Amino acid sequence: MSADVELNNVSVTFGSFYAAKSVNVKINGGEFFSFLGPSGCGKTTLLRAISGFQDPSEGSVLIDNKDMFGIGPNKRPTSLIFQNLALFPLMSVSENIAFSLEVRGVSKKDRQKRADELLELIALEGQSEKKVHQLSGGQKQRVAIARALAVEPKVLLLDEPLSALDLKLRQRMRTELREIQKRVNITFIYITHDQGEALTMSDRIAVMNEGEIEQIGPCDEVYNNPLTPFVATFVGENNPLFGKVKEINQNKVKIETPDGDFLSTMNENKKLNIGDEAIAFVRPESLFIPRDGDNFDNQIEVNIESFEFEGNIKNFYATLKSGTRIKFSIPNAIDTSSISSGTKLQLGFESIKSSILPKAQLAID
Amino acid sequence: MKPTYFINFMMGMYIFIFFAYLFGPLIVMSITAFNSAEFPSISPWECFSFRWFNEGKIAYDGQHLAGLLSDWRLHDGIISSLIIGAGVVSLSVPIGMAAAIVLTQVRSQLRDIYYSISIMPVLFPGVIIGISTVVLWDRIAGLGGDGFISDVGRNGIFLTILAQTCFISTYCFLIFVARLQRFDQTQEEAALDLGATQTQVFFKILVPYLMPAIASAAVIAFLFSFENYNTTVFSILSDQTLTTVIASKVRLGISPALSALALTIIALTIIAAVTYEILRRRSEKKYAQSQEIFVKEKAASGRINKEYKAGFKVPKGIVAILLVLVFATYGATQIVKNDLYGQSCIDAADQEKKSKFLEQLQTLESNELTEEELSGGSLGGTEDYGDIFGDPSLFQDFGGFD
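Residues numbered from 1 in each chain as written. Chains lettered and ligands numbered in written order. Predicted model: local features only at pLDDT ≥ 70, side-chain atom pairs only at ≥ 80, totals over all residues. Heavy atoms only, no water.

J.: Got a minute to help me understand the overall build of chain B in this structure?
T.: Of regular secondary structure, chain B possesses 15 helices and 2 strands. Looking at chain B as a whole, 31% of its 402 residues qualify as buried. Sequence-distant contacts, at least 24 apart, represent 65% of the contacts inside chain B between residues at least 6 apart. (Helix = DSSP H or I, 4+ residues; strand = E, 2+ residues; numbered from the N terminus. Buried < 20%, exposed > 50% of the residue type's maximum accessible area, 1.4 Å probe, protein only. Contact = heavy atoms within 4.5 Å.)

So this is what it looks like as structure tokens:
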């Protein structure tokens, strides 16, 4: 059983401060939906509004088309997984998992049965009598998930639950979370500031900045066609090229920058006019060193400054003529031993892989 | 002599003096409980005896010196102290807990004011709390006529419970505040989110978390109540608690029965402390073991599987134990050698005192004045004084009033 969650024009204010401002989202039942944004952007506030710890100052939260205003967290069909997990340290693993059943007056036998079922789901059979402090980080994580699922909520809310884990474990838990979501088939609403997490797990994501939603859409769409410069730079990495619009041909836009003219693609929803200040974005992985026979829409001359080795890729940092810094990455499989600092290179990128947006605030990294 | 030796020596001396200062009086007092003499003393040693723990002594002159077992006033005092202690615990622990929980809910600016008000009763002199309680309840009792209120308002035990709760609940409050500061409030939210009502959150999350604080607050409240004197002495009215009984006894002259009582209380305290320590170490060991199992499970096979050999260690307290043993043996041999124990010794001592008493009585009797001497005789009596006024020449030289 899953439920739709709808935020209608939701604002949450603390005094004169807007933690969330006129948020409109419709999350479909059974969807894995993520709110992605930097810390302090209001995503946790939204989550608290959905779970019932914070009623919106304006607008309404609908779960299954029912207005939730004034309904406490214990009466809503939602379960929340806290950032610090908030497992009960004085209870055993199975007591933790069965807590929601205990407070509903379910008999001890049925509680134990359900706890065992859930322990199997999270692959922790036989650990039911352990205390929370005897579990490892990943195990605690899974117990928190099992505890939240015990009452079969219609919506599961997750508040950056993976942030405390180390990298390997985090990557494994991403896959596990996704699998659990498919198995139980309920709505997952996930909060994170880690775009990698959001992109790998979610069906759709909403990118937030300063209490407002900048863009909602499927992961690849948000990544490939960002609607604002903030989204372009916050989700993944992007090289901004500042300039003025020179020519418009349907959705192909030519931008004039100090480093030359570039052809870029305009999002259908964004209107640009000739002479407007704009930014063309090109991602590090979309910049190539042309080989014989390659023919790119755009050519760009760079001067290599430094590089770093990341394993699967190498990151190069370079400057353009105007002094603008730019980053590009090359798969490790390609031999780059001839490139060192001071090397001058000609790079190329396709206009379809570059997007142009009106000038606005970037994400600070 | 190296300076570190010197420092260690001085340190040892300091610790010895400190403990001698702290426990010396208690040790001396404990020993006097076993001396059969009527006045608590070590020397002169009369006889080794348990009489002050039992029924005490009926002196040669017929005066009854009660022992610990036969002193009904002491028993009444202990019973009312226990009742008051229970009352204070059952009032001040909930009050302290509620106040501490409120503190966590209060917003920042009010918080400091609220905290200051809450701890204020500790700063009031106990005497004032005692007197003001009596004054207030006397007024209330006066309003209520002859009914229940007037009975309650003039009941010493009831008033003492209220007066002591007044400041003891503050100590409980401080204990709860310390514990609550480390409470993770997301646990409450988690429980709420999982469907618990506010009441369930309180009983299933907060109370279990506060359990250690509840236990220590209860113990401390009871101890504070049990030993309190300056508030109690006013609010107890016509009743008596252990402390007021002891105080009134001291006023009339102390008896070794008080030493016996002190020793009993010390012994009970030590037993309780040792039991607590044993239980604590046991649970700590259990926890450590469970952690060890956990670590072993996590570690790659056998990497941590070291064999622990428990070598024999001399307990650190051995010097103290040896010292006590040496002194006890010396004392015991002295007592046995000089036959200063048992009923025969006590009888002999009593006999000696009695004969001394009789001797004194005889001396007094031999010095007794005759009937004539008592009624004035040649010097005393009304006649002689009467004669002064009877003398006609008394005012002869008196110059008159002009």
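J.: Would you mind showing me how to read the packing of aromatic side chains here?
T.: When we look at a pair of aromatic rings, we describe it by the centre distance and by the angle of the planes. Counted according to the given criterion, the structure contains 24 aromatic pairs over all chains. Here the aromatic rings of A:Phe288 and A:Phe296 are separated by 5.8 Å at their centres, their planes lie at 5°, and the arrangement is stacked. A residue is classified by how much of its surface remains accessible, and A:Phe288, at 43% relative accessible area, is partly exposed. With 4.9 Å between their ring centres and 50° between their planes, B:Phe183 and B:Tyr209 make a pair best called tilted. (Phe/Tyr/Trp six-rings, centres within 6.5 Å; stacked < 30°, edge-to-face > 60°.)

J.: Just to check I follow, could you spell out the nonpolar core for this structure?
T.: Among the nonpolar cores identified, the biggest contains 70 residues, and A:Leu7, A:Phe35, A:Phe99, A:Ile189 and B:Phe176 are the most heavily contacted of them. The residues touching B:Phe176, leaving out its near neighbours within four places in the chain, are B:Val93, B:Gly96, B:Met97, B:Ala100, B:Leu210, B:Ala213, B:Ile214 and B:Ala217. Membership of the second largest hydrophobic core comes to 32 residues, among which are A:Ile81, A:Val93, A:Leu149 and A:Leu158. (Core = buried A, V, L, I, M, F, W, Y, C linked by side-chain atoms within 4.5 Å.)

J.: What is the right way to look at the sheet that holds strand β10 (residues 212-218) of chain A in this model?
T.: Sheets are built from strands that pair by backbone hydrogen bonding, the pairs being arranged parallel or antiparallel. Residue and element names in this part refer to chain A. Pairing is mixed across the open sheet formed by 6 strands, whose spatial order is β6-β7-β8-β3-β9-β10. What marks the edges here is a single partner per strand, and that holds for β6 (78-81) and β10. Neighbour-to-neighbour, the strand axes of this sheet turn through a mean angle of 15°, independent of strand direction. In this sheet, strand β8 (residues 187-192) lies alongside strand β3 (residues 32-36) in parallel orientation, the contact comprising 5 bridges. From the neighbouring strand, Phe33 faces β8, where its bridge partner is Ile189. (Pairing = 2+ DSSP bridges. Axes fitted to C-alpha atoms, helices over the stretch in contact; angles between N-to-C directions.)

J.: Whenever I open this one, the packing of helix α2 (residues 72-105) of chain B against helix α6 (residues 156-180) of chain B confuses me. Can you help?
T.: When two helices pack together, their arrangement is given by the angle between their axes and by how far apart the axes lie. Residues and elements named next belong to chain B. Packing of α2 against α6 brings their axes to within 6 Å, and their N-to-C directions diverge by 40°. The orientation of α2 relative to α6 falls into the category oblique. α2 and α6 meet at a crossing whose hand is right-handed. The residue inventory of the contact of α2 with α6, partitioned by class, reads 20 nonpolar, 9 polar and no charged. (Parallel < 35°, antiparallel > 145°, perpendicular 65-115°, else oblique. Left-handed = near helix turned anticlockwise from the far one by under 90°. Nonpolar A, V, L, I, M, F, W, Y, C, P; charged D, E, K, R; others polar.)

J.: Please explain the environment of A:Ser107 as it appears in this structure.
T.: Residue and element names in this part refer to chain A. Secondary-structure assignment places Ser107 in the loop between α3 (99-102) and α4 (108-121). You can call Ser107 partly exposed: its relative accessible area is 37%. C-alpha separation for the pair Ser107 and Asn269, spaced 162 residues apart in sequence, amounts to 56 Å.

J.: Before we go on, may I ask you to explain the interface of chain B and chain A in this structure?
T.: How big an interface is tends to be stated in terms of the accessible area lost upon association of its parts. With 23 residues of chain B at the interface, the matching set in chain A holds 28 residues. Interface area, chain B with chain A, both sides summed: about 2100 Å², of which 58% is carbon and sulfur. Summed over the shared surface of chain B and chain A, the result is 2 salt bridges. Our count for the chain B to chain A interface comes out at 10 residue pairs in polar contact (both at pLDDT 80 or more). Broken down by secondary-structure element, the contributors of at least two residues to the side of chain B that touches chain A are α7 (186-193), α8 (198-227) and α11 (256-298) of chain B. Per-element tally for the side of chain B that touches chain A: the top contributor is α7(B), with 7 residues. Its residues placed into classes, the side of chain B that touches chain A shows 10 nonpolar, 7 polar and 6 charged. (Buried area = accessible area lost by both parts, 1.4 Å probe. Salt bridge = Lys/Arg side-chain N within 4 Å of Asp/Glu carboxyl O. Polar contact = N/O pair within 3.5 Å; in protein donor to acceptor, adjacent residues only side chain to side chain.)

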